[in-house]
Amino acid sequence: MEASPVFNCKNADDVLKAVRDHNVSFIQFWFIDILGTLKSFQITPNELEASFEEGMGFDGSSILGFTRIEESDMVAIPDPTTFQLVSWRPSERPVARMFCDVKNPDLTPYEGDSRYVLKRMLAKAAEKGYTYYVGPELEFFVFANSQCPQALDAGGYFDAPPLDLGNDIRRDIIFALERMGIQVEYSHHEVAPSQHEIDLRYAEGLAMADVATTYKVVVKEIARKHGAYATFMPKPVFGQNGSGMHVHQSLFKNGRNAFFDPKDPHTLSAECKSYIAGLLRHAREFVCVTNQWVNSYKRLVPGYEAPVYIAWAQRNRSALIRVPMYKPGKEAATRIELRCPDPAANPYLCFAVMLAAGLKGIEEGYELTPAVEKNIFAFTEKDFDTHGIEALPGSLYEAAMALKGSALMKECLGEHVHANLVENKLKEWDAYRTHVSEFEIKRYLPIL
């Protein structure tokens, strides 16, 4: 495929010029609902200039978690800095996309817009002098189709061809991402058969939420072109590792890594330790956002490398938070890794709640508990009591109730998103708990 240009548009004029110069046929306006589902509509270049000034109206009552039918008018305002050509479409008369901020008819920010929720938290961090950087690791499976989880290979962690049969798919995904200006660090086969990971170069929080959303679309589109189906379902196969989205994160202040302290034995600053403490203290409250599906809690069980226990460590991958030691003592590389999120999360809300918890720890000066470097999966009840370690919620219901009762999450998400998210998750749980599964039929029908 012909190489696509990567744009660095700063304003509406830059976008208008790019559309003319590259004979763009349509421009897709992208935004998401509260669950992270991508929504899109297309406009022609003739409508583009006016859209920057007035936005494009749409019916918000049809979007999950947006607004009631009697208050349905919404306006999408495109962000010119997000302009890129979509890399899976033909290069002749190409199609472009821009992310949008959703506004009320008077052009004030709409409180149900996930992008606005994250922007609000980033602004709070900026008031304290911080810039928030994140680097998510989004794992996914590639199956034969969307109807059953039929693996395409028997590969395992870091396996190469011929065991890894997804190498060509991953390569084409990386090329497609790079054509949209998205930097990739590396890729590999993951632990489970037909499971893969492509790691993205870290970026500022809002930019990375846009990137993560784009990444998921690109992965699915390229897999489809290969006649396969890619899924970010957290736990599609019983007995195999699920897919996580470990999120590396750090705060920078005045161009320096605020998490780094060369005088500390662990090279972690007091701010970093309080940030970690904030994540640990509020983990049960935000896990309904970072792990938002019934299926998410099939992954969050001991024994499959998924973190269940609320503790931190440097080398121990059984802990909820890990401080990577790949480049010990290097300031730019100092970061923390939250290991519970999964790739089916809404990245905007996911990043927002993590930042809210970490900032709360810094604001209140939370004290960090000692690191736990032993394998927590092998702990006894006495060990848990000794170390004061709690577990994450064991079900979506438990997580939704913790979210519902959290003042911090209500403040972070805003009343509208908080209430709609809790309501949606409780409805999902109710549908799940009343469903009669194949497991129950096979287990109970022959004996009862």
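Our structure is the block above this text.
Residues numbered from 1 in each chain as written. Predicted model: local features only at pLDDT ≥ 70, side-chain atom pairs only at ≥ 80, totals over all residues. Heavy atoms only, no water.

Engineer: Is there a simple way to explain the pairing of strand β4 (residues 73–78) in this structure?
Structural biologist: Along a regular strand, successive side chains alternate from one face of the sheet to the other. A large share of β4 lies buried, amounting to five of its six residues. Where strand β3 (residues 56–59) meets β4, four bridges bridge the pair, whose relative direction is antiparallel. Bridging across to β4, glycine 57 finds its partner in valine 75. Pairing analysis gives four bridges linking β4 to strand β6 (residues 95–103), with the strands arranged antiparallel. (Buried < 20%, exposed > 50% of the residue type's maximum accessible area, 1.4 Å probe, protein only. Helix = DSSP H or I, 4+ residues; strand = E, 2+ residues; numbered from the N terminus. Pairing = 2+ DSSP bridges.)

Engineer: Is there a simple way to explain the packing of helix α8 (residues 347–364) against helix α11 (residues 407–433) in this structure?
Structural biologist: When two helices pack together, their arrangement is captured by the angle between the axes and the distance separating the axes. At a closest axis distance of 9 Å, the pairing of α8 and α11 adopts a crossing angle of 150°. Between α8 and α11, the angle is such that the two are roughly antiparallel. Where α8 approaches α11, its residues Leu349, Ala352, Val353, Ala356, Ala357 and Lys360 are matched on the opposing element by Leu408, Met409, Cys412, Leu413, Val417 and Leu421. Class assignment for the residues of the contact of α8 with α11 results in 11 nonpolar, no polar and one charged. (Axes fitted to C-alpha atoms, helices over the stretch in contact; angles between N-to-C directions. Parallel < 35°, antiparallel > 145°, perpendicular 65-115°, else oblique. Contact = heavy atoms within 4.5 Å. Nonpolar A, V, L, I, M, F, W, Y, C, P; charged D, E, K, R; others polar.)

Engineer: Teacher, can you tell me more about the environment of arginine 224 here?
Structural biologist: Position of arginine 224 relative to the elements: it lies in helix α5 (residues 205–225). Arginine 224 sits in the exposed class, given a relative accessible area of 52%. In this structure the C-alpha to C-alpha distance between arginine 224 and asparagine 145, which are 79 residues apart in sequence, comes to 9.1 Å.

Engineer: Would you mind going over the nonpolar core with me for this structure?
Structural biologist: Here is a general trend for soluble globular proteins: nonpolar side chains tend to be buried in one another's company. Membership of the largest hydrophobic core comes to 98 residues, with the highest contact counts inside it found for Leu251 and Phe351. Residues within four places of leucine 251 in sequence aside, it is in contact with Tyr130, Thr131, Tyr132, Arg256, Asn257, Ala258, Phe259, Tyr275, Leu355, Leu359 and Ile362. With 26 residues, the next largest nonpolar core counts Phe7, Phe52, Met74 and Tyr110 among its residues. (Core = buried A, V, L, I, M, F, W, Y, C linked by side-chain atoms within 4.5 Å.)

Engineer: For this particular structure, what's the right way to read the pattern of salt bridges?
Structural biologist: Any two side chains of opposite charge can pair if their charged atoms end up close together. Inspection of every chain in the model, using the stated rule, returns 24 salt bridges. Across the pair glutamate 331 and arginine 256 runs a salt bridge, and its minimum N-O distance is 2.7 Å. Of the two residues, glutamate 331 sits in the loop between β15 (319–322) and β16 (336–338) while arginine 256 sits in strand β13 (residues 256–257), which places them 75 residues apart along the sequence. Here lysine 273 ties to aspartate 264 by a salt bridge, and the two come within 2.6 Å at their closest N and O atoms. Using a relative accessible area of 26% as the deciding quantity, one classes lysine 273 as partly exposed. Here the salt bridges share partners, and the residues they tie into one network are Asp79, Asp101, Arg115, Lys119 and Asp210. (Salt bridge = Lys/Arg side-chain N within 4 Å of Asp/Glu carboxyl O.)

Engineer: It is not clear to me how the packing of helix α6 (residues 270–290) against α8 should be interpreted in this structure. Could you clarify?
Structural biologist: Viewed as axis vectors pointing N to C, α6 and α8 meet at an angle of 140°, and their least axial separation amounts to 6 Å. As judged from the angle between their axes, α6 and α8 are oblique. Read as a crossing pair, α6 and α8 show a hand that is right-handed. Two secondary-structure elements touch here, α6 through Glu271, Ser274, Tyr275, Gly278, Leu279, His282, Phe286, Val289 and Thr290 and α8 through Leu349, Cys350, Val353, Met354, Leu355, Ala357, Gly358, Leu359, Lys360, Gly361 and Ile362. Residue composition of the contact of α6 with α8, grouped by class: 12 nonpolar, six polar and two charged. (Left-handed = near helix turned anticlockwise from the far one by under 90°.)

Engineer: Looking at this structure, I do not really get the environment of glycine 239. What am I missing?
Structural biologist: When you line up the elements, glycine 239 lands in the loop between β11 (229–231) and β12 (245–253). Exposure remark for glycine 239: the relative accessible area of 35% places this residue in the partly exposed category. For the pair glycine 239 and valine 422, spaced 183 residues apart in sequence, the C-alpha separation works out to 30 Å.

Engineer: Honestly, a nonpolar patch on the surface in this entry has me stumped. Any pointers?
Structural biologist: A grouping of Phe439, Tyr444, Ile447 and Leu448 is seen on the molecular surface, where their side chains present a nonpolar patch of about 500 Å² in accessible area. Residue classification places leucine 448 among the exposed residues on the basis of a relative accessible area of 78%. (Patch = residues over 30% accessible without salt bridge, like charges linked within 9 Å, V, L, I, M, F, W, Y side chains within 5 Å. Areas by Shrake-Rupley, 256 points an atom, 1.4 Å probe, with all protein chains shown as cover.)

Engineer: What is the right way to look at the pairing of strand β14 (residues 309–313) in this model?
Structural biologist: For β14, the buried fraction is high: five of the five residues fall into the buried class. Residues Tyr309, Ala311 and Ala313 of β14 are buried on one face, and the alternating residues Ile310 and Trp312, pointing to the opposite face, are buried as well. Inspection of the sheet shows β14 paired to β15 by three bridges, in the parallel sense. Directly across from tryptophan 312, in β15, lies its bridge partner isoleucine 321.

Engineer: Is there a simple way to think about the packing of aromatic side chains in this case?
Structural biologist: The geometry of two aromatic rings is summed up by the distance between their centres and the angle between their planes. Taken as a whole and assessed by the stated rule, the structure comprises 18 aromatic pairs. The interplanar angle of 50° and the centroid separation of 5.5 Å between the aromatic rings of phenylalanine 29 and phenylalanine 41 together place this pair among those described as tilted. On the criterion of sequence distance, the pair formed by phenylalanine 29 in strand β1 (residues 26–32) and phenylalanine 41 in strand β2 (residues 38–43) is long-range, its members being 12 residues apart. Note on tyrosine 397 and tryptophan 429: the rings are 6.3 Å apart at their centroids and 35° apart in plane angle, and the pair reads as tilted. Of the two residues, tyrosine 397 sits in helix α10 (residues 396–404) while tryptophan 429 sits in helix α11, which places them 32 residues apart along the sequence. Here the aromatic residues Phe29, Phe31, Phe41 and Phe58 are joined through ring pairs into a cluster of three or more. When the ring centre of tryptophan 293 is taken as reference, the NZ or CZ atom of lysine 425 above it lies at 4.0 Å. (Phe/Tyr/Trp six-rings, centres within 6.5 Å; stacked < 30°, edge-to-face > 60°. Lys NZ or Arg CZ within 6 Å of the ring centre and 35° of its normal.)

Engineer: So what exactly am I meant to see when it comes to α11 here?
Structural biologist: One turn of an α-helix holds 3.6 residues; hence residues three or four places apart share an orientation. The terminal C-alpha atoms of α11, which comprises 27 residues, lie only 27 Å apart, well short of the 39 Å expected from a rise of 1.5 Å per residue. At glycine 414, α11 is bent by approximately 115°, the largest bend along its length. Buried residues of α11: Leu408, Met409, Cys412, Leu413, Gly414, His416, Val417, His418, Leu421, Val422, Asn424 and Lys425, and no others. (Expected span 1.5 Å × (residues − 1). Bend = angle between axes of the 7 residues up to and from the residue.)

Engineer: Quick question: what am I supposed to make of the environment of alanine 332 here?
Structural biologist: Inspection of the secondary structure assignment puts alanine 332 in the loop between β15 and β16. Accessibility expressed as a relative area gives 48% for alanine 332, which makes it partly exposed. Each C-alpha atom of the pair alanine 332 and valine 6 lies 26 Å from the other, and the pair is 326 residues apart in sequence.

Engineer: For this particular structure, what's the right way to read the side chain of glutamate 285?
Structural biologist: Checked against the element boundaries, glutamate 285 lands in helix α6. Within the buried core, glutamate 285 has no salt-bridge partner, and the shortest N-O distance to an opposite charge, that of arginine 281, equals 7.6 Å. Ignoring anything within four residues of it in the chain, the contact list for glutamate 285 reads Ala402, Leu403, Ser406, Leu408 and Met409. (Lys, Arg positive; Asp, Glu negative; His and termini not counted.)

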